[in-house]
Amino acid sequence: MQPEDIKAKLKENRLKVTPQRMAVLEAVVVLNDHPTADEVCQYIRRNHPNIATGTVYKTLDTLVEKRIIRRVKTDRDIMRYDAVTAGHHHLYCAVSERIEDYYDDDLNNLLEDYFNSRHIKGFDIEEIRLQIIGRFPECDPKKHEKNNQKIKKIWHRKEEKS
């Protein structure tokens, strides 16, 4: 997505085009791997060091509210962001937490047909999104276990301080 496309996307959603909004949307698009808010902040710090972290978080929330981007929650409750708003599913690696977009019209049709035949009383389905959990062949569980242990130690320290 080019800068002109980002501007157009903001305008069509009736948002004022600001350098902050441009930078945040650009980051989510460029990172293209379902980045976390922290990853978006790191990208922005390199290119726009004057944009505050709080502004990044508020802008992400605004972009989600306007359905310009989507939130994707991982198995470990980590919030990530997706610039692709067209219908698709996700392949989620339980080892590395990598997320890949997955498109399958046959699966979509199967799910739609299934739920259309099973009228869920008191519930209207707006959209069906799956998160398919597995492991990519190149993901080494031992390598990622070390990283997971580091993360657990950091969280444990944060909990002790609270």
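Here the structure is a predicted model, which means the values were calculated and not measured. (Residues numbered from 1 in each chain as written. Predicted model: local features only at pLDDT ≥ 70, side-chain atom pairs only at ≥ 80, totals over all residues. Heavy atoms only, no water.)

**Q** Can you walk me through the packing of helix H1 (residues 3–12) against helix H2 (residues 19–31) in this structure?
**A** Helix-helix packing is characterised by the crossing angle of the two axes and by the distance between the axes. The contact between H1 and H2 brings their axes to 10 Å, and the two run at 115 degrees. As summarised for this structure, H1 and H2 are arranged roughly perpendicular, according to the angle between their axes. For the pair H1 and H2, the sense of crossing is right-handed. In contact with Pro3, Ile6, Lys7, Lys9 and Leu10 of H1, H2 contributes Arg21, Met22, Leu25 and Glu26. Looking at the contact of H1 with H2, its residues break down into five nonpolar, no polar and four charged. (Axes fitted to C-alpha atoms, helices over the stretch in contact; angles between N-to-C directions. Helix = DSSP H or I, 4+ residues; strand = E, 2+ residues; numbered from the N terminus. Parallel < 35°, antiparallel > 145°, perpendicular 65-115°, else oblique. Left-handed = near helix turned anticlockwise from the far one by under 90°. Contact = heavy atoms within 4.5 Å. Nonpolar A, V, L, I, M, F, W, Y, C, P; charged D, E, K, R; others polar.)

**Q** Would you mind showing me how to read the nonpolar core here?
**A** If you look at soluble globular proteins, the nonpolar side chains tend to sit buried side by side. Residues Leu10, Leu25, Ile44, Val56, Leu60, Leu63 and Ile69 are the most contacted members of the largest nonpolar core, which totals 23 residues. Ranked by residue count, the leading element in this core is H2, at seven residues. Look past the residues within four positions of Leu60 in its chain and what remains in contact with it is Val24, Val28, Ala37, Ile69 and Tyr81. (Core = buried A, V, L, I, M, F, W, Y, C linked by side-chain atoms within 4.5 Å. Buried < 20%, exposed > 50% of the residue type's maximum accessible area, 1.4 Å probe, protein only.)

**Q** How should the pairing of strand S2 (residues 79–82) be read in this particular structure?
**A** One face of the sheet, then the other: side chains in a regular strand alternate in exactly this way. Bridge count for strand S1 (residues 70–73) against S2 is four bridges, and the pairing is antiparallel. In the strand pairing of S2, Val72 is matched with Arg80. Counting the residues between successive antiparallel strands, the hairpin from S1 to S2 contains five residues, one of them, Asp77, with a positive phi of roughly 60 degrees. (Pairing = 2+ DSSP bridges.)

Everything listed here is a matter of coordinates, which is why it stays silent on function.
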